[in-house]
Amino acid sequence: QVQLVESGGGLVQAGGSLRLACAASGRFFSINAMGWYRQAPGKQRELVALMTSGGSTNYVDSVKGRFTISRDNAKDIVNLQMNSLKPEDTGVYYCNARLKRQSYTAPQDYWGQGTQVTVSS
């Protein structure tokens, strides 16, 4: 089984920083991309940041310049450094991985259980 485990969430004051980490474990052939999504109360889940296996990144406009995604491919870990946090960043952050269980299978999405990030004003 493939498992994604997030860590690093918590409560911080506006302007503070948090670093999230997600570790993928289990049996799989390759990871095409890993990223972070978040969901605020009453809102749809949105893509925050992603990184492909080739190292390209993408961020939602609202976090550009404040958040940085990084990957350790050897350890199948993706991190999200969040600086200058705002109350609007509050939500449950989910790790996502698109991976192949086998070389001959199509990529599938896997999700972590989520970690709460709360930014107080």
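This text gives an overview of the structure that appears in the document. (Residues numbered from 1 in each chain as written. Predicted model: local features only at pLDDT ≥ 70, side-chain atom pairs only at ≥ 80, totals over all residues. Heavy atoms only, no water.)

1. Section: the side chain of Thr115
Positionally, Thr115 belongs in strand β11 (residues 115–120). Thr115 gets classed as buried once you look at its relative accessible area, which sits at 13%. Here Thr115 is in contact with Glu6, Gly9, Leu20, Gly91, Val92 and Tyr93, once residues within four sequence places are set aside. (Helix = DSSP H or I, 4+ residues; strand = E, 2+ residues; numbered from the N terminus. Buried < 20%, exposed > 50% of the residue type's maximum accessible area, 1.4 Å probe, protein only. Contact = heavy atoms within 4.5 Å.)

2. Let's talk about unusual backbone geometry
The backbone of Ser84 shows a phi angle near 50 degrees, a positive value even though the residue is not glycine. Inspection of the secondary structure assignment puts Ser84 in the loop between β8 (77–82) and β9 (91–100). The class for Ser84 is partly exposed, based on a relative accessible area of 40%.

3. So, the side chain of Asp89
Its place among the elements puts Asp89 in the loop between β8 and β9. Aside from chain neighbours lying at most four places away, what touches Asp89 is Arg38, Val63, Arg66, Phe67, Ser84, Val117 and Val119.

4. Some details on the layout of surface pockets
Of the volumes computed, that of the largest pocket is approximately 160 Å³. Lining of the largest pocket is provided by Arg38, Gln39, Ala40, Lys43, Gln44, Glu46, Pro87, Glu88, Thr90 and Gly91. (1 Å grid on protein atoms, 1.4 Å probe; cavity = no way out; pocket = protein on both sides within 12 Å on 5 of 7 lines; lining within 4 Å. Points joined across faces, edges and corners; volume = space filled by probe spheres on them.)

5. Brief notes about the pattern of salt bridges
Applying the stated criterion to the full structure yields 5 salt bridges. A salt bridge links Arg38 to Glu46; the nearest nitrogen and oxygen atoms lie 2.8 Å apart. By relative accessible area, which is 31% here, Glu46 ends up partly exposed. Between Arg38 and Asp89 there is a salt bridge, with the nearest N and O atoms lying 2.9 Å from each other. Highlighted residues: Arg38 in strand β4 (residues 30–39) and Asp89 in the loop between β8 and β9, separated in sequence by 51 residues. Of the residues examined, Asp89 reaches a relative accessible area of 2% and is grouped as buried. Each of Arg38, Glu46, Arg66 and Asp89 takes part in one network of salt bridges that share partners. (Salt bridge = Lys/Arg side-chain N within 4 Å of Asp/Glu carboxyl O.)

6. Some words on the packing of aromatic side chains
Here the distance between the centres and the angle between the planes together describe a pair of aromatic rings. Enumeration according to the criterion identifies 1 aromatic pair in this entry. Centroid distance Tyr37 to Trp111: 4.9 Å. Interplanar angle 65 degrees. Geometry classified as edge-to-face. Of this pair, Tyr37 sits in strand β4 while Trp111 sits in strand β10 (residues 108–111), and the two are 74 residues apart along the sequence. Sitting over the face of the ring of Tyr94, Arg45 holds its NZ or CZ atom 3.8 Å from the ring centroid. The residue whose ring lies beneath Arg45 is Trp111, and the NZ or CZ to ring-centre distance is 4.8 Å. (Phe/Tyr/Trp six-rings, centres within 6.5 Å; stacked < 30°, edge-to-face > 60°. Lys NZ or Arg CZ within 6 Å of the ring centre and 35° of its normal.)

7. Some points on the sheet that holds strand β7 (residues 67–72)
Strand-to-strand pairing in sheets goes through backbone hydrogen bonds, with the strands running parallel or antiparallel. On the basis of which strands lie adjacent, the open sheet formed by 4 strands has the order β1-β3-β8-β7 and antiparallel pairing. At either margin of the open sheet sits one strand with a lone partner, and together these are β1 (3–7) and β7. For this sheet the average axis-to-axis angle between neighbouring strands, irrespective of direction, equals 15 degrees. As judged from the 6 bridges shared by strand β3 (residues 18–25) and β8, these two strands associate in the antiparallel manner. Residue Ala21 lies in a different strand from β8, and its bridge partner there is Asn79. (Pairing = 2+ DSSP bridges. Axes fitted to C-alpha atoms, helices over the stretch in contact; angles between N-to-C directions.)

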